[in-house]
Amino acid sequence: MTFDDGPTQFADAILDLLKEKNMKATFFVVGNLYMNTADSNWARIVKRMYNEGHVVGSHTFNHKDLTTLSADQIKSEMTQLEDAISQAIGKKPAFMRPPYGSGNGNQNVMSTLGSLGYTAAITWNLDSGDWDNKDINYAKQVFSGANGQGSISLNHLQYNGSTKESIIALVSAEIDIMLSKGYTPVTMDKCLGLNAYQ
């Protein structure tokens, strides 16, 4: 399982759920979306993610489409967030998720990320649709359709119209479906066989 756009006001509830279900996830965090790095809760939540055995990756500082930026602007987006993550957990991420899934295959984006030490720009093949306010039945149908192939899910720690209850219900249902289908959820480093941090 992967989660984008954190930390948020709902992050602790998701972390509590993952702990209850004995699950590990990968969190692609941002520096300035629902919570800013200047907020002490930002570092506290990122530190909690890491300390509880989850992987922390980059989702850029301001959640901008990297294909619209110059190499220097991409570097700024990445290094601002790297610095904040490093201050929180003492490590720089090697994984990132391009906002909107945009940029894989784009030479400027990929070469700039590579020059910064990123080893993987990770997208997804199971989209819960949470960001588009799809209901829980939509996500259940998507996750139920996963039949044995490797799966990287896309979830968000907050989205327009979300509540703590709706996010918890959605993620809990997804976990239950995946476990019932025999999946063994792992963090992205185990999925890819790469180090999560530089």
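Scroll up a little and you will see the structure.
All values derive from a computational prediction rather than experimental measurement. (Residues numbered from 1 in each chain as written. Predicted model: local features only at pLDDT ≥ 70, side-chain atom pairs only at ≥ 80, totals over all residues. Heavy atoms only, no water.)

## Some thoughts on the packing of aromatic side chains
And then number 1: Under the definition given, this model contains two aromatic pairs.
And then number 2: Between the aromatic rings of phenylalanine 3 and phenylalanine 27, the centroid separation amounts to 5.2 Å while the plane-to-plane angle is 20°, which identifies the pairing as stacked. Taken together, the positions of phenylalanine 3 in strand β1 (residues 2-6) and phenylalanine 27 in strand β2 (residues 26-29) put the pair 24 residues apart, joining distant regions of the chain.
And then number 3: Owing to a relative accessible area of 0%, phenylalanine 3 belongs among the buried residues under this scheme.
And then number 4: An angle of 80° between the planes, with centres 5.7 Å apart, marks the rings of tyrosine 50 and tyrosine 197 as edge-to-face. In this pair, tyrosine 50 sits in helix α2 (residues 40-51) while tyrosine 197 sits in the segment after α7 (188-192), placing the two residues 147 residues apart along the sequence.
And then number 5: With relative accessibility at 23%, the residue tyrosine 50 sits in the partly exposed group.
And then number 6: Overall, tyrosine 197 belongs to the buried group, its relative accessible area being 17%. (Phe/Tyr/Trp six-rings, centres within 6.5 Å; stacked < 30°, edge-to-face > 60°. Helix = DSSP H or I, 4+ residues; strand = E, 2+ residues; numbered from the N terminus. Buried < 20%, exposed > 50% of the residue type's maximum accessible area, 1.4 Å probe, protein only.)

## Structural notes on the environment of aspartate 176
And then number 1: By the element assignment, aspartate 176 lies in helix α6 (residues 164-180).
And then number 2: Taking the C-alpha atoms as reference points, aspartate 176 and lysine 140, 36 residues apart in sequence, are found 9.7 Å from one another.

## A word on the nonpolar core
And then number 1: Ranked by size, the top nonpolar core spans 41 residues in total, and within it Phe3, Phe27, Val29, Trp42 and Phe95 carry the most contacts.
And then number 2: Among the elements of the structure, α1 (11-20), β2, α2, β3 (55-58), α3 (71-89) and α6 are those that each provide at least two residues to this core.
And then number 3: Ranked by size, the runner-up nonpolar core spans nine residues in total, among them Ile74, Val109, Leu116 and Tyr118. (Core = buried A, V, L, I, M, F, W, Y, C linked by side-chain atoms within 4.5 Å.)

## Quick look at the packing of α1 against α2
And then number 1: Axis separation between α1 and α2 bottoms out at 11 Å; the angle between their running directions is 15°. Of the possible angle classes, the one that applies to α1 and α2 is roughly parallel. Once α1 is placed against α2, the crossing between them reads as left-handed. Only Arg44, Ile45, Arg48 and Met49 of α2 make contact with α1, whose side of the interface consists of Ala11, Asp12, Leu15, Asp16 and Lys19.
And then number 2: Taken together, the residues that form the contact of α1 with α2 break down as four nonpolar, no polar and five charged. (Axes fitted to C-alpha atoms, helices over the stretch in contact; angles between N-to-C directions. Parallel < 35°, antiparallel > 145°, perpendicular 65-115°, else oblique. Left-handed = near helix turned anticlockwise from the far one by under 90°. Contact = heavy atoms within 4.5 Å. Nonpolar A, V, L, I, M, F, W, Y, C, P; charged D, E, K, R; others polar.)

## Here's the deal with α3
Given 3.6 residues per turn, any residue in an α-helix points the same way as the ones three and four places further on.
And then number 1: With 19 residues, α3 ought to run about 27 Å at 1.5 Å a step, and its terminal C-alpha atoms sit 26 Å apart, in line with that.
And then number 2: In this structure, the buried residues of α3 make contact with β2, α2, β3, β4 (95-96) and α4 (107-115).
And then number 3: Just past α3, the residue glycine 90 takes up positive phi, approximately 80°. (Expected span 1.5 Å × (residues − 1).)

## Focus on the side chain of glutamine 158
And then number 1: Relative to the helices and strands, glutamine 158 resides in the loop between β7 (153-156) and α6.
And then number 2: For glutamine 158, a relative accessible area of 12% puts it in the buried group.
And then number 3: Ignoring any residue separated from it by four or fewer positions in sequence, one finds glutamine 158 in contact with Asp5, Thr8, Gln9, Phe10, Tyr34 and Ile167.

## Looking at the pairing of β7
Remember that side chains alternate between the two faces of the sheet whenever the strand is regular.
And then number 1: In β7, alternate side chains face the same way, and those of Ser153 and Asn155 on one face and Leu154 and His156 on the other are all buried.
And then number 2: Strand direction decides the pairing type here: β1 and β7, joined by three bridges, are parallel. Looking across to β7, one finds that aspartate 4 is bridged to histidine 156. (Pairing = 2+ DSSP bridges.)

## Some words on unusual backbone geometry
And then number 1: Between glycine 6 and the following residue, proline 7, the backbone shows a cis peptide bond with an omega angle of -10°.
And then number 2: Mapped onto the fold, proline 7 is located in the loop between β1 and α1.
And then number 3: For threonine 60, which is not a glycine, the phi torsion comes out positive at approximately 80°.
And then number 4: Topologically, threonine 60 is positioned in the loop between β3 and α3.
And then number 5: Classification of threonine 60 by relative accessible area gives buried; the value is 0%.
And then number 6: Even without being a glycine, tyrosine 100 presents a positive backbone phi close to 65°.

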